[in-house]
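Read off the chains here:
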Amino acid sequence: MLFLRVLVALGARIPVLLYRDRFCAVNKPPGISTHRSRETGRRRVVTTHLQRQLRRKVYTVHRLDHRTSGALLFGFDGEAAGECHARLRAGRKEYLALLRG
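Residues numbered from 1 in each chain as written. Predicted model: local features only at pLDDT ≥ 70, side-chain atom pairs only at ≥ 80, totals over all residues. Heavy atoms only, no water.

(A) Layout of the packing of aromatic side chains. All chains considered together, the criterion is met by one aromatic pair. Sitting above the plane of the F76 ring, R56 keeps its charged end 3.7 Å from the centroid. (Phe/Tyr/Trp six-rings, centres within 6.5 Å; stacked < 30°, edge-to-face > 60°. Lys NZ or Arg CZ within 6 Å of the ring centre and 35° of its normal.)

Given below as structure tokens:
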């Protein structure tokens with residue numbers, strides 16, 4: 001977990017799983033917040049890192065917890081993000097958890 005956080009902090013690329021005209025899906029590593037908040041302060045966050053990596057504005061469709069890894073969706077405009085969000089809410093969700101201990 002610390003290794004991935006250090007890689008992103010040093011400028012490593014966030015893996016892009018799917019890239020379309022209006023949205024993309026990326027593999028969020030654990031230990032990095034999805035977007036800025038009071039708790040994150042000035043730490044690196046996925047949205048900022050991805051905007052620099054793709055050289056375009058991204059809009060968060062949904063979030064994952066700071067310690068959670070997995071697929072994250074981003075729209076390239078507010079309308080695309082809203083459409084993706086609506087489809088996620090209307091669909092069925094399945095979660096896979098890998099636990100230690």
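Anyway, onward from the coordinates.
(B) Broad picture of the side chain of T47. With respect to the helices, strands and loops of the structure, T47 is situated in helix α2 (residues 46-54). In this structure T47 touches T34, H35, V58, T60 and F74, once residues within four positions along its chain are discounted. (Helix = DSSP H or I, 4+ residues; strand = E, 2+ residues; numbered from the N terminus. Contact = heavy atoms within 4.5 Å.)

(C) Highlighting the pattern of salt bridges. The tally for this structure, following the rule as stated, stands at three salt bridges. R22 is the salt-bridge partner of D77, the closest N and O atoms lying 3.6 Å from each other. With D77 in the loop between β4 (70-75) and α3 (78-90) and R22 in the loop between β1 (16-19) and β2 (23-28), this pair connects stretches of sequence that are 55 residues apart. Looking at D77, the relative accessible area reads 29%, which means it is partly exposed. Overall, R22 belongs to the partly exposed group, its relative accessible area being 32%. Between R92 and E94 there is a salt bridge whose closest N-O contact spans 3.2 Å. A relative accessible area of 72% places R92 in the exposed class. Among the ionic contacts, a cluster of salt bridges with common partners joins R22, D77 and E83. (Salt bridge = Lys/Arg side-chain N within 4 Å of Asp/Glu carboxyl O. Buried < 20%, exposed > 50% of the residue type's maximum accessible area, 1.4 Å probe, protein only.)

(D) A look at the pairing of β2. Bridge count for β1 against β2 is three bridges, and the pairing is antiparallel. Across the sheet, the residue bridging to Y19 is C24, located in β2. The turn joining β1 and β2, which pair antiparallel and follow one another in sequence, is formed by three residues. The sheet contact formed by β2 and β4 spans six bridges and is antiparallel. (Pairing = 2+ DSSP bridges.)

(E) Local environment of the side chain of K28. The residue K28 is located in strand β2 in this model. Comment: no salt bridge for buried K28; closest opposite-charge side chain is D65, at 8.3 Å. Polar side-chain contacts of K28 include one of 3.3 Å to the backbone oxygen of H66. Other than its neighbours up to four places away in sequence, K28 contacts T34, V46, L64, D65, H66, T68, S69, G70 and L72. (Lys, Arg positive; Asp, Glu negative; His and termini not counted. Polar contact = N/O pair within 3.5 Å; in protein donor to acceptor, adjacent residues only side chain to side chain.)

(F) Highlighting α3. Relative to the 18 Å expected for 13 residues at 1.5 Å per residue, α3 spans 18 Å between its end C-alpha atoms, a close match to the ideal helical length. For α3, the complete set of buried residues consists of A80, A81 and C84. Along the long axis of α3, the arc covered by the buried residues comes to 100°, so they all point the same way. Relative to its buried face, α3 has exposed residues pointing more than 90 degrees away, namely E79, R89 and A90. (Expected span 1.5 Å × (residues − 1). Arc of directions from axis to C-beta.)

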